[in-house]
Amino acid sequence: MQKLSLFLFTVLFVSCNTQKSVTRVSIDENWDLYTNRQLGFQLKIPKSVKTSLANNSEDILSSSDYGGWTIIKREVESEDTLLQLIKNEVGNDCIILSRQADTSGSYILDVQDGTDKEFGEADCKPRYSAWYFVYSPNRKVLFYWNMGQEYQFENINHEYKDSEMLASFRVL
């Protein structure tokens, strides 16, 4: 009986903590502010977007009509290991072409194929579809996701909102 009680307490405790670590607050009639404290990020999302926490390192934002994004978080040991982590995750032929600082002290990385290989031969997923990478040296984390080959999200007025969502992404 004690084991069952302890098990139920653990399940309830974890459930309550997980629920509080992910919040969605209305900003206006079209937008919500989605905050995932467990993974350490927030962004604006259209009200029509569905969210689900896949595991301790992935969060899924989905649109019933167009697909969605799986936002992946990876720990980065040091600045020196960042490129190798990217190569391990999305392909050995990838390079960091540039980095642009955002207002939170993170960097938006432009990851591209660093070879002259023919299309289809390069080992770099960002060559074949749009990917987004955000690196926070302060938190020692990398967030990245495949945005696909076309827009994924629209609001209730049928306007595409992917760019506005990207611009609002912040590492906590």
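Scroll up to find the structure.
Residues numbered from 1 in each chain as written. Predicted model: local features only at pLDDT ≥ 70, side-chain atom pairs only at ≥ 80, totals over all residues. Heavy atoms only, no water.

Caption draft 1: How the structure looks around the sheet that holds strand 11 (residues 170–171). Pairing in this open sheet of four strands is antiparallel, and the strands run 1-2-3-11 from one edge to the other. The two strands at the open ends of the sheet, each matched to only one other strand, are strand 1 (22–26) and strand 11. Sheet topology places strand 1 next to strand 2 (residues 31–36); five bridges connect them, and they run antiparallel. Its bridge partner being in strand 2, R24 is matched across the sheet by Y34. (Pairing = 2+ DSSP bridges. Helix = DSSP H or I, 4+ residues; strand = E, 2+ residues; numbered from the N terminus.)

Caption draft 2: Region of interest: the pairing of strand 9 (residues 130–136). Extensive coverage of strand 9 is indicated by the burial of six of its seven residues. The sheet contact formed by strand 8 (residues 107–113) and strand 9 spans three bridges and is antiparallel. Across the sheet, the residue bridging to Y107 is Y135, located in strand 9. Here strand 9 runs beside strand 10 (residues 141–148); their pairing, made up of seven bridges, is antiparallel. Bridging from a neighbouring strand, W131 pairs with N146 of strand 10. A loop of four residues connects strand 9 with strand 10, the two strands running antiparallel in sequence, and K140 in this loop sits at a positive phi of about 55 degrees. (Buried < 20%, exposed > 50% of the residue type's maximum accessible area, 1.4 Å probe, protein only.)

Caption draft 3: Representation of the packing of aromatic side chains in the model. Tallied over the entire structure, the rule returns 13 aromatic pairs. Taking 5.6 Å as the distance between ring centres and 35 degrees as the angle between the ring planes, the aromatic pair formed by W69 and W145 counts as tilted. Of the two residues, W69 is situated in strand 6 (residues 67–75) and W145 in strand 10; the sequence distance between them amounts to 76 residues. An identical accessibility class is assigned to W69 and W145; each is buried. Centre to centre, the rings of Y132 and W145 are 5.1 Å apart; their planes meet at 45 degrees, and the pair counts as tilted. With Y132 in strand 9 and W145 in strand 10, the pair connects residues that are 13 residues apart, well separated along the chain. The residues Y132 and W145 share a single accessibility class, namely buried. Three or more aromatic residues joined by ring pairs make a cluster, and in this case those are Y34, F41, W69, Y132, F143, W145, F153 and F169. Across the ring face of W31, the terminal group of K44 is positioned such that the distance to the ring centre comes to 4.6 Å. Over the ring of Y107 we find R99; its NZ or CZ atom is 5.5 Å from the centre of that ring. (Phe/Tyr/Trp six-rings, centres within 6.5 Å; stacked < 30°, edge-to-face > 60°. Lys NZ or Arg CZ within 6 Å of the ring centre and 35° of its normal.)

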